[in-house]
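# Architecture at a glance
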Amino acid sequence: MQCKNHPDRRAEYFCASCGKSLCSDCAEEGKGGEYFCFQCAMLSSVSAMGTTIKDKAERSAEKRVKEREKKKWTSFRYFVVFCSVLILVMWGVILFGGEKPPSGRVDLANQPRVFLFMVDGAIKRYAHDEGNRYPPTLSDLVPKYLGLTEQDRRHLDMLKYIRDPRLGYLLSLAQPEPGQMKIVISPKGISYEAS
C-alpha cells in the first residue's frame, strides 16, 4: 500500500482517526503510540487544548468556591466577634453606667472616723505646701485644704489635735465611741489604743 500524500512511497502507518495510509514523513505520533495524519493530529491537539481550557475554567470555578467557603464564618470568628462585643459592652458600662455618686452631702457627725481621715489628708497637704510645717490649729485648714462650710466647722470640735515637736502632730477623735479602739494618726502612721 502507498502513502496517501506521497504515492511514490510505501505506507508504514495508518491514521488512528481517519484511517489514511501514511509514510514515516507524514505520520505524526500522538499519545499512547498512536499515529495520525497532519489534519487529524491538528484536530486532536486543538480538541485537547479545548479540554484543558475547559478544565482550567472548571478548576478556577472550584477554586473560587473554596475561597468563598474559607471566607465563611468559622467558630473562631464567632468567638472573636463575641469577645469584641462583650468588651465594648463592658467599656460602655464602665464609662456610662455604674452607680451614681451620692446626691446628698456626707453627714460628718454620724461618720467621725471618715472625718478623721479627711482632716489627716488636709494636714498632710498643708505640710506639703508649707515646707513640712503643721498647722497651729485645725481651723487653719479651712477653706484652702479642707472644704468645710461655716456650719460644718463645728465638726472640728469632734477631733483632738496636738502639735508634737517629736512626731509632728497627733490627731484622734476627742470622744471615741465606747467599746471601740482609739485611732491616733501621726506622720509616722496610725496607732490604736484602748479607749
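Residues numbered from 1 in each chain as written. Predicted model: local features only at pLDDT ≥ 70, side-chain atom pairs only at ≥ 80, totals over all residues. Heavy atoms only, no water.

Turning our eyes to something else, we now look at the overall build of the protein chain. Along the backbone of the protein chain there are 3 helices and 8 strands. In the protein chain, which comprises 195 residues, the proportion classed as buried is 24%. Taking the contacts inside the protein chain whose residues are at least 6 apart along the sequence as the reference set, 25% of them involve residues at least 24 apart. Of the roughly 14,800 Å² that the protein chain leaves accessible, carbon and sulfur atoms contribute 57%. (Helix = DSSP H or I, 4+ residues; strand = E, 2+ residues; numbered from the N terminus. Buried < 20%, exposed > 50% of the residue type's maximum accessible area, 1.4 Å probe, protein only. Contact = heavy atoms within 4.5 Å. Areas by Shrake-Rupley, 256 points an atom, 1.4 Å probe, with all protein chains shown as cover.)

With that settled, the discussion passes to the nonpolar core. Ranked by size, the top nonpolar core spans 22 residues in total, and within it Val119, Ile123, Leu138, Leu141 and Leu171 carry the most contacts. For this core, the secondary structure elements donating two or more residues are helix 3 (112–129), strand 5 (159–164), strand 6 (168–173) and strand 7 (182–186). With 7 residues, helix 3 is the largest single contributor of residues to this core. Apart from residues lying up to four places away in sequence, Ile123 is in contact with Tyr134, Pro135, Leu138, Leu141, Tyr161, Tyr169 and Leu171. (Core = buried A, V, L, I, M, F, W, Y, C linked by side-chain atoms within 4.5 Å.)

Here Asn132, not a glycine, exhibits a phi torsion of approximately 60°, which is positive. Along the chain, Asn132 turns up in the loop between helix 3 and strand 5.

A complete count under the given rule lists 3 salt bridges for this structure. Among the ionic pairs, Asp25 bridges to Arg9, the shortest N-O distance being 2.5 Å. Separated by 16 residues along the polypeptide, Asp25 in the loop between strand 2 (21–22) and strand 3 (28–29) and Arg9 in the segment before strand 1 (13–14) bring together distant segments of the chain. For the salt bridge of Asp120 with Lys124, the shortest nitrogen-to-oxygen distance reads 3.1 Å. Within this pair, Asp120 and its partner Lys124 are both found in helix 3, separated by 4 residues, close to a single helical turn. (Salt bridge = Lys/Arg side-chain N within 4 Å of Asp/Glu carboxyl O.)

Attention now moves to the packing of aromatic side chains. For the structure shown, the criterion picks out 3 aromatic pairs. Their ring planes at 25° and their centres at 4.2 Å tell us that Tyr13 and Tyr35 sit as a pair that is stacked. Note that Tyr13 is positioned in strand 1 and Tyr35 in strand 4 (residues 35–36), a separation of 22 residues in sequence. Relative accessible area serves as the criterion here: at 23%, Tyr35 is assigned to the partly exposed category. Between Tyr161 and Tyr169 the ring centres are 6.2 Å apart and the planes differ by 35°, which places this aromatic pair in the tilted class. A relative accessible area of 15% means that Tyr161 is categorised as buried. (Phe/Tyr/Trp six-rings, centres within 6.5 Å; stacked < 30°, edge-to-face > 60°.)

The next subject is the sheet that holds strand 8 (residues 189–193). Taken in spatial order, the 4 strands of this open sheet run 5-6-7-8, and their pairing is antiparallel. The sheet terminates laterally at strand 5 and strand 8, the two strands that pair on one side only. For this sheet, the mean angle separating the axes of adjacent strands, direction not counted, is 20°. Pairing of strand 5 with strand 6, which is carried by 6 bridges, proceeds in the antiparallel orientation. (Pairing = 2+ DSSP bridges. Axes fitted to C-alpha atoms, helices over the stretch in contact; angles between N-to-C directions.)

Next up on the list: helix 3. Relative to the 26 Å expected for 18 residues at 1.5 Å per residue, helix 3 spans 26 Å between its end C-alpha atoms, a close match to the ideal helical length. All of the buried residues in helix 3 are Pro112, Phe115, Leu116, Val119, Asp120, Ala122, Ile123, Tyr126 and Ala127. Around the axis of helix 3, the buried residues are gathered within 165° of arc, so they sit on the same side. The elements touched by buried residues of helix 3 are strand 5, strand 6 and strand 7. Gly131, located one to two residues past helix 3, shows a positive phi value of around 70°. (Expected span 1.5 Å × (residues − 1). Arc of directions from axis to C-beta.)

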